[in-house]
Amino acid sequence: MSVSSLPFLHGALAAVLPKLAAWRRDFHAHPEAGWTEFRTAALIIRRLRELGYAIRMGEAACASDRRMGVPSSAVLAAARERALEHGADAELVAGMGDGHTGFWADLDCGSGPVTAFRFDMDCNEVAECAEENHRPVREGFASRWPGLMHACGHDGHAAVGLGLAEVLVSIRRHLRGRIRLIFQPAEEGARGALPMSEAGAVDGVDVLFGFHIGFKAEGPGSLICGTQGFLATTKRDVLFSGVPAHAGAAPEEGKDALLAACSAVVNLHAISRNGKGGTRIAVGRLEGGEARNVIPASARLFMETRGETTELDAYMTAESERILRASADLWGCACEWRTVGNSAGGGSSPELARLIATVAEAMGGWKTVIPMSGFGATEDFACLMSRVQTSGGLASYLQVGTDRAAGHHSDRFDFDETCLGRALELLARLAVRMAGGGQEDTETETESDMEFLDEVVRRKGIHVQLWLEGEDGEGFGRGRVELLQLVDELGSLSKAAKQLGMSYRGAWGKIKKAERIAGETLVDASGTKRDGYSLTPAGRELVQRFQQWYADVESFAKKRAEALFSDFDKE
């Protein structure tokens, strides 16, 4: 599909762009950490329901037994109460239970591919800078809640997701298939994607997009279309238990849990590197003991492993378990741990990254478009991405550049909000590219686009594109059928043309071509010059027959494809 103009998209974007900064600032002022995003989720769900999206939320959208690092019941209760005090819908909050704050929203546009976009919502547990020269303070949208701050741009991600939802509804007539918007909790700590994946968030998805503001994309106008090198990770809280004793009178009676933990810290960092790729180990916090004259009975360490692949992280995890047990045994202590975060490794699908670059170049206005870049960190989008790719689909993670006041996770983090509009437009164009329908829309596909479509068909099955042709080669497809239906529905050619984002002259030309192909008068123009239009009996019959023919052929083609190609290896 040609994405160089897309006039029908311009009006939809224009209506939403002014809202983005306000939404972002509202989310920024009301930050919510992982599994407590009650207000953020409730506000977005309420709006998406108004727009007509089908919502899946609560435990149905987040597998309870796969959640990690869930806050205490007291923390969850306080977060629910705080959300209700600041405008969250009580019924929606109740539906999220004890922190099942993730959800997805489906827009059904008929038969066709399933295209999904993922947006994370959680904040960081960081106290935001309170100095007057910090823009959120100066302009009145700094965090209202102590110890919580959007220091990674997720407030902007949620705003773009809400904006995309509004745009897609406005252009729904131009889309086919199903579009899914996934709003994920608990990305920080790599906790939210796995339980959503297990609940079916990306089941049946053909193409998945994720995006991040900033990070490796430096400066405004820069774009990274695909990301490689997501590090797999496992995050654990470890408890060492010993025996207390008087440090002066009877130290031999004690079992020093803090020494066991210290021994573990030293030896964890002695794990052999792996010849199959890069690995990481980190102990970010160590605490223990009760008093200076008491042999410590308990100690805790908070650690993580990482690997360039899921297999390498598994190696680091296994080695770390061996060392934790050995360190406990060395000092006569016991140890136990719980996993509080986990994500797979992986990378974007190269063919999808190339297509994103094509769409971005056609969109224009980018200073730098980088097809693929390394990441060198963890993002649990990789969990969703690998599930889609394993099922034969394609996925990519975009990074949209912006000016930042400070680095990610800093208490002074802030960004230039103009990047929100560019991100929204790009994602909307990608939605149109993936889910656009109609024969007219396929006439200007580039060679790289066609290669991409071939790859989707090869991996995921068959998608049917049908139209009728006259003797002169002119086509009659779903695009012209949609125009005829709108003319009949609105009683106006000018209104139908406007809704489809085309000129009156262009719409009239399409109708005249359709009449030449059909050999019949399809539109009754007996009213005023531009109003009072309706379909003739022949026009209505043609539309009805075309839709029936299209459905019959599409159904037959898919069944035959399953019968003929089901035994082919699609790897």
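Residues numbered from 1 in each chain as written. Predicted model: local features only at pLDDT ≥ 70, side-chain atom pairs only at ≥ 80, totals over all residues. Heavy atoms only, no water.

Trainee: Can you walk me through the overall build of the protein chain in this structure?
Mentor: A tally of regular secondary structure across the protein chain gives 17 helices and 18 strands. Contacts in the protein chain between residues far apart in sequence, at least 24 positions, make up 81% of those at least 6 positions apart. Surface accessibility of the protein chain: about 23800 Å² in total, with carbon and sulfur atoms responsible for 50%. (Helix = DSSP H or I, 4+ residues; strand = E, 2+ residues; numbered from the N terminus. Contact = heavy atoms within 4.5 Å. Areas by Shrake-Rupley, 256 points an atom, 1.4 Å probe, with all protein chains shown as cover.)

Trainee: Just checking my understanding: could you explain the packing of helix α14 (residues 478-490) against helix α16 (residues 504-518) for this structure?
Mentor: Taken N-terminus to C-terminus, the directions of α14 and α16 make an angle of 110°; their axes are 10 Å apart at the nearest point. The orientation of α14 relative to α16 falls into the category roughly perpendicular. Contact with α14, carried on its side by Arg480, Leu483, Leu484 and Val487, involves Ala507, Lys510, Ile511, Lys513 and Ala514 of α16 and no other residues of that element. Residues belonging to the contact of α14 with α16 are distributed by class as follows: 6 nonpolar, no polar and 3 charged. (Axes fitted to C-alpha atoms, helices over the stretch in contact; angles between N-to-C directions. Parallel < 35°, antiparallel > 145°, perpendicular 65-115°, else oblique. Nonpolar A, V, L, I, M, F, W, Y, C, P; charged D, E, K, R; others polar.)

Trainee: Explain the sheet that holds strand β10 (residues 298-307) here, please?
Mentor: Paired through backbone hydrogen bonds, the strands of a sheet run either parallel or antiparallel to each other. Taking strand neighbours across the sheet as the criterion, the 4 strands line up as β9-β10-β8-β11 in an open arrangement whose pairing is antiparallel. Both outer strands of the open sheet, β9 (279-288) and β11 (334-343), are each paired with one neighbouring strand and no more. With direction set aside, neighbouring strand axes in the sheet form an average angle of 15°. Of the strand pairs in this sheet, β9 and β10 are connected by 9 bridges, and their pairing is antiparallel. When the sheet's bridge partners are listed, Glu287 is paired in β10 with Arg300. In this fold helix α8 (residues 257-268) packs onto β8 (232-241), β9 and β10, with an angle of close to 15° to the strand it touches most, β10. (Pairing = 2+ DSSP bridges.)

Trainee: Before we go on, may I ask you to explain unusual backbone geometry in this structure?
Mentor: Most peptide bonds adopt trans geometry, and most residues besides glycine take a negative phi value. Within the chain, Ala190 stands out as a residue other than glycine whose phi angle is a positive 55°. Tracing the backbone shows Ala190 in the loop between β4 (178-184) and α7 (193-198). For His409, which is not a glycine, the phi torsion comes out positive at approximately 75°. With respect to the element layout, His409 can be found in the loop between β14 (394-402) and α12 (418-435).

Trainee: Got a minute to help me understand the environment of Gly364 in this structure?
Mentor: When you line up the elements, Gly364 lands in the loop between α10 (350-363) and β12 (368-370). Given a relative accessible area of 27%, Gly364 falls into the partly exposed group. (Buried < 20%, exposed > 50% of the residue type's maximum accessible area, 1.4 Å probe, protein only.)

Trainee: Help me understand the side chain of Arg191 in this model?
Mentor: Mapped onto the elements of the fold, Arg191 is located in the loop between β4 and α7. Asp122 is the oppositely charged side chain nearest to the buried, salt-bridge-free Arg191, at an N-O distance of 4.8 Å. At a separation of 2.8 Å, a polar atom in the side chain of Arg191 contacts the main-chain carbonyl oxygen of Gly69. At 3.1 Å, the side chain of Arg191 forms a polar contact with the backbone oxygen of Glu188. When near neighbours in sequence (up to four residues on either side) are disregarded, Arg191 contacts Gly34, Trp35, Met68, Gly69, Ala186, Val340, Gly341 and Asp380. (Lys, Arg positive; Asp, Glu negative; His and termini not counted. Salt bridge = Lys/Arg side-chain N within 4 Å of Asp/Glu carboxyl O. Polar contact = N/O pair within 3.5 Å; in protein donor to acceptor, adjacent residues only side chain to side chain.)

Trainee: Please explain the pattern of salt bridges as it appears in this structure.
Mentor: It is possible for side chains bearing opposite charge to pair when their charged atoms get close. Evaluation of the coordinates by the stated rule reveals 32 salt bridges. Across the salt bridge formed by Asp414 and Arg135, the nearest N and O atoms sit 2.7 Å from each other. On the criterion of sequence distance, the pair formed by Asp414 in the loop between β14 and α12 and Arg135 in helix α5 (residues 135-138) is long-range, its members being 279 residues apart. By the burial criterion, Asp414 is buried, and Arg135 matches it. Between Lys512 and Glu515 there is a salt bridge, with its nearest N and O atoms 3.0 Å apart. One end of the pair is Lys512 and the other is Glu515, both in helix α16 and 3 residues apart, which spans about a single turn. For Lys512, a relative accessible area of 32% gives the class partly exposed. By relative accessible area, Glu515 is classed as buried at 11%. Among the ionic contacts, a cluster of salt bridges with common partners joins Arg24, Arg25, Arg135, Glu139, Asp155, Asp414 and Glu417.

Trainee: It is not clear to me how the sheet that holds strand β1 (residues 54-56) should be interpreted in this structure. Could you clarify?
Mentor: Pairing in this open sheet of 8 strands is mixed, and the strands run β1-β2-β4-β3-β5-β14-β6-β12 from one edge to the other. Since the sheet does not close on itself, it has two edges, and those belong to β1 and β12, each with one partner. Between one strand axis and the next, the sheet turns through 20° on average, direction left out of account. Across the sheet, helix α2 (residues 38-51) lies against β1, β2 (103-108) and β4, angled at about 15° from β2, the strand it touches most.

Trainee: Just to check I follow, could you spell out α16 for this structure?
Mentor: Note that an α-helix has 3.6 residues per turn; residues three or four places apart therefore point the same way. Spanning 15 residues, α16 covers 21 Å between terminal C-alpha atoms, matching the ideal 21 Å at 1.5 Å per step. Buried residues of α16: Tyr504, Ala507, Ile511, Ala514 and Glu515, and no others. Down the axis of α16, the buried side of the element spans an arc of 100°, and every buried residue falls inside it. Pointing more than 90 degrees away from the buried face of α16 are the exposed residues Arg505 and Arg516. Just beyond α16, the residue with positive phi is Gly519, at close to 70°. (Expected span 1.5 Å × (residues − 1). Arc of directions from axis to C-beta.)

Trainee: Explain a nonpolar patch on the surface to me, please; I cannot follow it from the model alone.
Mentor: Judged by side-chain polarity, Leu259, Leu330 and Trp331 come together as a nonpolar surface patch covering roughly 290 Å² of accessible area. Judged by relative accessible area, which is 36%, Leu259 ranks as partly exposed. (Patch = residues over 30% accessible without salt bridge, like charges linked within 9 Å, V, L, I, M, F, W, Y side chains within 5 Å.)

Trainee: Where do I start with the side chain of His212 in this structure?
Mentor: Within the secondary structure, His212 is located in strand β5 (residues 207-218). In this structure His212 comes out as buried when scored by relative accessible area, which is 4%. Residues contacting His212, with those up to four places away along its chain left out, are Cys152, His154, His157, Glu379, Tyr397, Leu398, Gln399, Val400 and His408.

Trainee: Is there a simple way to explain the packing of α10 against α12 in this structure?
Mentor: Put simply, α10 and α12 touch, their axes get as near as 10 Å, and they point 120° apart. Comparing their axes, α12 and α10 come out oblique. Between α10 and α12 lies a crossing of right-handed hand. Along the contact surface, α10 presents Leu355, Ile356, Val359, Ala360 and Met363, while α12 presents Arg422, Glu425, Leu426, Arg429, Leu430, Arg433 and Met434. Residue composition of the contact of α10 with α12, grouped by class: 8 nonpolar, no polar and 4 charged. (Left-handed = near helix turned anticlockwise from the far one by under 90°.)

Trainee: Looking at this structure, how should I read the nonpolar core?
Mentor: Proteins that are soluble and globular tend to have nonpolar side chains buried together. With 80 residues, the main nonpolar core has Leu168 and Leu181 as its most contacted residues. The contacts of Leu181, once residues within four sequence positions are left out, are Tyr53, Phe103, Trp104, Ala105, Phe117, Phe119, Gly161, Leu164, Ala165 and Leu168. Listed in part, the 28 residues of the second largest apolar core include Met68, Ala193, Leu194 and Cys383. (Core = buried A, V, L, I, M, F, W, Y, C linked by side-chain atoms within 4.5 Å.)

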